[in-house]
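# Structural overview
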Amino acid sequence: MSEDEDSIKRDIQIITPSVTSKREGDTETVIYKHWYDGFVRLFLWYPSYLTQKERRFLLKLDVIILTYVCASYFTKSLDKSNITNAYVTGMKEDINFGGNDLSYAKSLYSAGYIVSMCCGVMFVTRPWARYMLPILETIWGVLTFCEAAVKTPSQLFALRFLIGLAEGPIFPSIVYTLGSWYRRDEVYRRVMVFSISSSLGGMFSGFLQSAAYTNLRGKGGLSGWQWGFIIDGIFTVPIALFGFFLFPGTVEQAGKVFWLSKKQWKLAKRRIRESGVKEPGKLSFSLFKRVGLRWHVHYFAAVWTLLNIVALPDGLGFPLWLKANSPERYSITQVNNYPSIQSAVSVVAQFFLAGLSDTFSIYPFLTITQVSFIIAYASLAAWNIPIGYKWLCFMIIGFDTVNQSIVSGQINRVCRRDAEERAFVLGYSDAVSQAMNIWTNIVFYPTEEGPRFYKGYIVSTVAAAILLFVPILSWYGERWDTKHYEGSIKERQEVEESASETEEVNTSSSKVEK
């Protein structure tokens, strides 16, 4: 079968008798007869409508790319969240890490994150950038080892800044890379799995710190929290080294990786071009003008800032509440382990709400998430509520990763027609939100006011309420983009037809003259 015939065959793609995936313009739309049919696609990642070569190719991508970026981000989440676990298991007392020092450390991490993010993510479009992720992961792995040796808060502040500096470009670069390999009806589930790896890192960090506190405390003259940092580093560095051999970068950078044949590389480029994802061009200052005149960067920077304000208590409020009730109600082991339940709730929420975004519109799932936040944060602001209900509210805080997963996939699709813009919007939006975190974390969630962050929970409630309505703007914006794109295509075709007609007239005139 020729490529043209194969392409026509995929225009209407049968998944089940009542679910189809149809290509419309430069994207794909899933069509379903019954609402429950869409749930089939949560588990059907390699449907029979694809050729055997394409199914094998997708499986290979998932096994190598998705597995590596998930393992990499797992260690990033591990290394990011370990400071709170260390704080509640002895570090506070051992290095005199009191007052608002925890908030300051988190803010310095955000500062380093911002410094490297905008510039770093722009390089992800360059041919050599497939080595950037493993290099940065190696650096933050070594710095995590160093955290076990700190003696003063100042030393920890410096290391948290440097770790943020190394981790800054990672999240937007990985999201950009996934958007460079997967189509509209594939990418949300892959971003969902990638985002789940972050929740698993946070969940595992609690168990790891608890195990280190229980079994390694005092071994080698080190405290349990110090062993926690050492073990985190042991996980991180080997995964980083594997990345030098396995991670391919984007489609354009993957021509020489050993596990991808030339035919598969051509297939990858054809698939992603059919889905409207443009290849990178030259970096120039015209990018800033181009991006500034479009709605994408302004909208997503605002949305990402609101998402981070909503997510501020994640990994902070619940552990500090448990710590405040220890040892009367909860033991040190429980203080470390119970936050993992919040991470488990996050995993389940992402699997369904973000995973279904490959099939359905993203907007109902964003609405469900914000309504849940409004109820939870308003209740926590009231504070004097039953213990069981308070637990439920703390669990809902884990839903913040649903927002992150869905909006990351949306940026990939909305900005797919301009590779440099896509990279810039991913990095800039996250950088702006992290810049806000530097002061919002200290002002609204200072450690001294924990665990009852009255101001913080009020602010997060307001942010969730705004997020409930803001997505309406992107709904209209995407339709404007489609109309403008289709209009430009039609105009280009008319110009080509006119030029063709003129050429034919000129040819006929030449023949008559002869």
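A brief look at the structure comes next. A quick note: this is a predicted structure, and the numbers were derived from the prediction, not measured. (Residues numbered from 1 in each chain as written. Predicted model: local features only at pLDDT ≥ 70, side-chain atom pairs only at ≥ 80, totals over all residues. Heavy atoms only, no water.)

### Some thoughts on the overall build of the chain
Regarding its fold elements, the chain presents 20 helices and 3 strands. Split into buried and exposed, the 514 residues of the chain put 57% on the buried side. For the chain, the share of sequence-separated contacts (at least 6 apart) that also reach a separation of at least 24 residues comes to 79%. As displayed, the chain has an accessible area near 22,000 Å², and 65% of this comes from carbon and sulfur atoms. (Helix = DSSP H or I, 4+ residues; strand = E, 2+ residues; numbered from the N terminus. Buried < 20%, exposed > 50% of the residue type's maximum accessible area, 1.4 Å probe, protein only. Contact = heavy atoms within 4.5 Å. Areas by Shrake-Rupley, 256 points an atom, 1.4 Å probe, with all protein chains shown as cover.)

### Brief notes about the packing of helix α11 (residues 296-311) against helix α17 (residues 400-414)
Contact geometry of α11 with α17 gives a least axis separation of 10 Å together with a crossing angle of 170°. By the angle class used here, α11 and α17 are roughly antiparallel. Contact with α11, carried on its side by His296, Phe300, Val303, Trp304, Leu307 and Ala311, involves Asp400, Asn403, Gln404, Val407, Ser408, Gln410, Ile411 and Val414 of α17 and no other residues of that element. (Axes fitted to C-alpha atoms, helices over the stretch in contact; angles between N-to-C directions. Parallel < 35°, antiparallel > 145°, perpendicular 65-115°, else oblique.)

### So, the nonpolar core
One broad rule of soluble globular proteins: the nonpolar side chains tend to lie buried together. In this structure, Met91 and Trp181 are the most contacted members of the largest nonpolar core, which totals 131 residues. Looking at this core element by element, the count peaks at 15 residues for helix α2 (residues 52-94). When sequence neighbours within four positions are dropped, the list of residues in contact with Met91 reads Ile83, Ala86, Asn96, Phe97, Leu156, Trp225 and Phe229. (Core = buried A, V, L, I, M, F, W, Y, C linked by side-chain atoms within 4.5 Å.)

### Here we look at α11
Taking 1.5 Å per residue, 16 residues should reach 22 Å; α11 reaches 22 Å between its end C-alpha atoms and fits that length. Across the 16 residues that make up α11, a large majority, 14, are buried. (Expected span 1.5 Å × (residues − 1).)

### What about the packing of α2 against helix α8 (residues 224-246)?
Close contact between α2 and α8 brings their axes to 9 Å; oriented N to C, the two are set at 165°. As the angle between them shows, α2 and α8 are arranged roughly antiparallel. Once α2 is placed against α8, the crossing between them reads as left-handed. Considering only residue class, the contact of α2 with α8 consists of 14 nonpolar, 7 polar and 3 charged. (Left-handed = near helix turned anticlockwise from the far one by under 90°. Nonpolar A, V, L, I, M, F, W, Y, C, P; charged D, E, K, R; others polar.)

### So, the packing of aromatic side chains
Under the definition given, this model contains 35 aromatic pairs. With a centroid separation of 5.7 Å and 55° between ring planes, the pair formed by Phe43 and Phe351 is classed as tilted. On the criterion of sequence distance, the pair formed by Phe43 in the loop between β3 (27-32) and α2 and Phe351 in helix α14 (residues 339-354) is long-range, its members being 308 residues apart. With relative accessibility at 62%, the residue Phe43 sits in the exposed group. Residue class for Phe351 comes out partly exposed when judged on its relative accessible area of 23%. Summarising the aromatic geometry, the rings of Tyr109 and Tyr113 are spaced 5.6 Å apart at their centres and angled 35° between planes, so their arrangement reads as tilted. You can see Tyr109 and its partner Tyr113 sitting in helix α3 (residues 101-122), 4 residues apart, about one turn around the helix. The burial state of Tyr109 is the same as that of Tyr113; both residues are buried. Aromatic ring contacts, followed pair by pair, group Phe318, Trp321, Tyr330, Tyr338, Trp391 and Phe394 into a single cluster. A cation over a ring is seen here: Lys269 above Trp265, with NZ or CZ 3.8 Å from the ring centre. (Phe/Tyr/Trp six-rings, centres within 6.5 Å; stacked < 30°, edge-to-face > 60°. Lys NZ or Arg CZ within 6 Å of the ring centre and 35° of its normal.)

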